[in-house]
Amino acid sequence: MAEYRSLLEELAQNITAEDLEQLKSACKEDIPSEESEAIATSHHWFAFLEKHSKLDRDNLSYIEHIFEISRRPDLLTMVVQYRTQVLKISEEDEVDTKLTRIPSAKKYKADIIRQPSEEEIIKLAPPPKKA
């Protein structure tokens, strides 16, 4: 738990007030506007996400997604390092999380992961020969 709190603190130190507005905007579907106005610091933002089950020490996929769409690779890198070093979740294991990050994607997961059969592979004719 100490590593998780340390991660949140490190993230908070790298989020400016302007960044916070961008992050809140990126997750506006999950934060009602009146509550969004009350979130004044990144610590408040993390607390809100934890309270609404969007964030906990074993599940960081929501903030990974928010950092991705907010174009904050520096913050995303911190989360990925925590995930791989502390939680011991590798990139291969992450495929499942990425595909199921959005609830509606769960039903497509099996189709995305499987390899196409021979019948499904499109065969291309060789290019015409130049005369």
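For the structure itself, look to the data block above.
Residues numbered from 1 in each chain as written. Predicted model: local features only at pLDDT ≥ 70, side-chain atom pairs only at ≥ 80, totals over all residues. Heavy atoms only, no water.

A.B. asks: Outline the packing of aromatic side chains, listing residues and values.
C.D. replies: Applying the stated criterion across every chain, the model contains two aromatic pairs. Plain terms: the ring middles of W45 and F67 are 6.3 Å apart, the flat faces sit at 45 degrees to each other, and that makes the pair tilted. In this pair, W45 sits in helix α4 (residues 42-51) while F67 sits in helix α5 (residues 61-69), placing the two residues 22 residues apart along the sequence. Across the pair, exposure class does not vary: W45 and F67 are buried alike. Through successive ring pairs, a cluster of aromatic residues spans W45, F46 and F67. (Phe/Tyr/Trp six-rings, centres within 6.5 Å; stacked < 30°, edge-to-face > 60°. Helix = DSSP H or I, 4+ residues; strand = E, 2+ residues; numbered from the N terminus. Buried < 20%, exposed > 50% of the residue type's maximum accessible area, 1.4 Å probe, protein only.)

A.B. asks: Please give an account of unusual backbone geometry that cites residues and values.
C.D. replies: Unlike most non-glycine residues, S53 shows phi in positive territory, near 60 degrees. Given the relative accessible area of 65%, S53 is considered exposed. Even without being a glycine, R71 presents a positive backbone phi close to 55 degrees. Structurally, the position occupied by R71 is in the loop between α5 and α6 (73-85).

A.B. asks: Provide a residue-level description of the pattern of salt bridges, including the pertinent values.
C.D. replies: Throughout the structure, instances matching the rule amount to five salt bridges. In this structure, R5 engages E50 in a salt bridge whose closest nitrogen and oxygen atoms are separated by 3.1 Å. Taken together, the positions of R5 in helix α1 (residues 2-13) and E50 in helix α4 put the pair 45 residues apart, joining distant regions of the chain. Of the charged contacts, one joins D74 and R72 as a salt bridge, the two residues approaching to 2.6 Å between their closest N and O atoms. Where salt bridges share partners, they join D19, R72 and D74 into one cluster. (Salt bridge = Lys/Arg side-chain N within 4 Å of Asp/Glu carboxyl O.)

The values are spatial; any link to function lies outside them.
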